[in-house]
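Structural description and commentary
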Amino acid sequence: MAVESRVTQEEIKKEPEKPVDREKTCPLLLRVFTTNNGRHHRMDDFARGNVPASELQIYTWMDATLKELTSLVKEVYPEARKKGTHFSFAIVYPDPKRQAYRVKDIGNTLSGRKGADDSMTLQSQRFQIGDYLDISITPPNRAPPLPGRMRPY
């Protein structure tokens, strides 16, 4: 008789995170790169030690939520404060096998509205110190691009 595991991916992801004591824990430097064209940066923008010019440096903790990061970005970019502005978050991390960078989409927030990804933290998405955060900002009058490729039919 075989026994199956009934542990789902959601249960694995919901491992209890250790809360960060922000009074006693030193913040990390988060290097954030933003675009306002509705798309993330290309990976070759990060090649050979280069980084995109649109860098924003934020001191924060591993338990920072996407909503918290959204509000920090809105402080710097007034045009992103408009209700309905879409923020798409991705972690850019080095791939030692290819000596290049890879990207992992981690979530979305919408200015002025609550969303499912608002409470997602850097820690829950396995962000590591030294990774970059790439944020695609889409104004409310333009729809965010559809994920994946557009089909020709």
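Everything discussed here concerns the structure shown above.
In this text, all values refer to a predicted model and were calculated from it rather than measured experimentally.

Looking at where threonine 35 falls in the secondary structure, it is placed in strand 1 (residues 28-35). Since its relative accessible area comes to 11%, threonine 35 is described here as buried. Within polar-contact distance, the side chain of threonine 35 engages the backbone oxygen of arginine 39 at 2.5 Å. With residues up to four places along the chain from it excluded, the contact list for threonine 35 reads His40, His41, Ile135, Ser136 and Ile137.

With that settled, the discussion passes to the pattern of salt bridges. Considering all chains together, one arrives at seven salt bridges under this definition. The partner of aspartate 63 in a salt bridge is arginine 22, with the nearest N and O atoms 2.9 Å apart. Taken together, the residues span a long stretch of sequence, with aspartate 63 in the loop between strand 2 (55-60) and helix 2 (66-76) and arginine 22 in the loop between helix 1 (9-13) and strand 1 at a distance of 41 residues. Notably, a salt bridge pairs lysine 67 with aspartate 118, separated by 4.0 Å at the nearest N-O pair. Of this pair, lysine 67 sits in helix 2 while aspartate 118 sits in the loop between strand 4 (100-110) and strand 5 (132-138), placing them 51 residues apart in sequence. Via salt bridges that share partners, Arg22, Asp63 and Glu68 belong to a single interconnected network.

Rules used in this analysis
Residues numbered from 1 in each chain as written. Predicted model: local features only at pLDDT ≥ 70, side-chain atom pairs only at ≥ 80, totals over all residues. Heavy atoms only, no water. Helix = DSSP H or I, 4+ residues; strand = E, 2+ residues; numbered from the N terminus. Buried < 20%, exposed > 50% of the residue type's maximum accessible area, 1.4 Å probe, protein only. Polar contact = N/O pair within 3.5 Å; in protein donor to acceptor, adjacent residues only side chain to side chain. Contact = heavy atoms within 4.5 Å. Salt bridge = Lys/Arg side-chain N within 4 Å of Asp/Glu carboxyl O.

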